[in-house]
Amino acid sequence: MAAAAGGDEVKLLGVWDSPFVNRVQIVLNLKGISYEYVEEDLHSKGELLLASNPVHKKVPVLIHNGKPIPESQVIVQYIDEAWRGTGPSLLPADPHERATSRFWAAYVDDKVGSPWFTILFARKTEEKMEAAVRAISAMETLEGAFGECSGGKPFFGGDGIGFVDVVLGSYLGWFVVIEKMIGVKLMDAARTLALAAWAERFRMADAVKGVLPEDVDKVLEFLQMFLDGMYNA
Ligand SMILES: N[C@@H](CCC(=O)N[C@@H](CS)C(=O)NCC(=O)O)C(=O)O
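Conventions used here
- Residues numbered from 1 in each chain as written.
- Predicted model: local features only at pLDDT ≥ 70, side-chain atom pairs only at ≥ 80, totals over all residues.
- Heavy atoms only, no water.
- UniProt positions renumbered as here; feature names shortened; annotations may be inferred.
- Core = buried A, V, L, I, M, F, W, Y, C linked by side-chain atoms within 4.5 Å.
- Buried < 20%, exposed > 50% of the residue type's maximum accessible area, 1.4 Å probe, protein only.
- Domains from an automatic or database assignment.
- Contact = heavy atoms within 4.5 Å.
- Helix = DSSP H or I, 4+ residues; strand = E, 2+ residues; numbered from the N terminus.
- Expected span 1.5 Å × (residues − 1).
- Polar contact = N/O pair within 3.5 Å; in protein donor to acceptor, adjacent residues only side chain to side chain.
- Pairing = 2+ DSSP bridges.
- Axes fitted to C-alpha atoms, helices over the stretch in contact; angles between N-to-C directions.

Under the annotation held in an unreviewed UniProt entry, the protein chain carries the name Glutathione S-transferase and is attributed to Triticum aestivum. UniProt lists a comment for the protein chain under the heading Sequence similarities (unreviewed entry), and it reads "Belongs to the GST superfamily. Tau family." Looking at the Subcellular location (unreviewed entry) heading of the UniProt record, one finds this comment for the protein chain: "Cytoplasm, Cytosol".

Okay, here's the thing in structure tokens:
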């Protein structure tokens, strides 16, 4: 197992194309924490995954010195606290600003993540399109949130990537995939100019490069394999 600074043992159970896993990888990169990555097969979940996330049986799970932490937003906040002082802070120090970051991060997974899931897994095109409309409306709200949170700086977190940046940014690779799947751009500079520019900045950050899935056909092929396995189960 890889040893992080201070002799910590850090393991991440994940799947390569999951936005929830990718956001944890980005944060580990931002903090400069070394870790062992274990790729899971979601059709045949490993014993370690089942034992470490018995409630949801989902990835990601972070295992820090033998102790499991499930749920990506919980993991990101855990890393920020457990490695306080190592690398940048993801959440602001001010309690009201922290609460505001948590509010928007929850909003992203609720209003962008849920439609993302429907677009991937709904059988009817009509349902996928309705979900895309809901996601676009959420992006318009997030354009306003970006203006308020960033205060004119490059990221929701200000000068550097923060909690809301990693939560929303982890979907960016999938936006390109969705455009190919259903022909709808969830993020479009014509509707959300500031967010489109933010997305470019986020993708270019060192901690992000190589983490988000970029090969659209590979993602679509993997998704199809997953759906086939699910329907034939
Ligand atoms: N709310 C969870 C969502 C995690 C999630 O949905 N993970 C998917 C992969 S993208 C998973 O493990 N699915 C397996 C299953 O549903 O059995 C989080 O933020 O960590």
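Additional details are given in the paragraphs that follow.
Draft legend 1. Summary view of the nonpolar core. Ranked by size, the top nonpolar core spans 72 residues in total, and within it L142, V166, W198 and F202 carry the most contacts. Lining this core are residues from two domains, each supplying at least three of them: domain 1 (5-82) and domain 2 (95-219). Residues within four places of V166 in sequence aside, it is in contact with R23, I26, V27, L30, V76, L90, I161 and F202.

Draft legend 2. Structural context of helix 1 (residues 19-31). Over its 13 residues, helix 1 extends 18 Å from the first C-alpha to the last, a length consistent with the 18 Å expected when each residue adds 1.5 Å. The buried count for helix 1 comes to 11 of 13 residues, which makes it a mostly enclosed element. When helix 1 is considered as a whole, its buried residues turn out to be P19, V21, N22, R23, V24, Q25, I26, V27, L28, L30 and K31. For helix 1, the N-terminal capping position is held by S18, with its side-chain oxygen 3.1 Å away from the main-chain nitrogen of F20. Of the residues one or two after helix 1, G32 is the one with positive phi, at around 70 degrees.

Draft legend 3. Layout of the UniProt feature "domain: GST C-terminal" (unreviewed entry) in the protein chain. Per the UniProt entry, the sites bearing "domain: GST C-terminal" (unreviewed entry) are residues 94-222 in this numbering. When the span residues 94-222 is considered, its composition is 70% helix and 0% strand, and the gap between its end C-alpha atoms is 42 Å.

Draft legend 4. Looking closely at the sheet that holds strand 4 (residues 67-70). Judged by pairing direction, the sheet is mixed, and its four strands sit side by side in the order 2-1-3-4 without closing on themselves. Each having just a single partner strand, strand 2 (36-39) and strand 4 make up the two edges of the open sheet. Geometrically, the sheet is characterised by an average inter-axis angle of 20 degrees between neighbouring strands, direction not taken into account. As judged from the four bridges shared by strand 3 (residues 61-64) and strand 4, these two strands associate in the antiparallel manner. Counterpart to V61 in the pairing with strand 4 is P70. Against the sheet, helix 1 touches strand 1 (10-14), strand 2 and strand 3, its axis set at about 155 degrees to strand 1.

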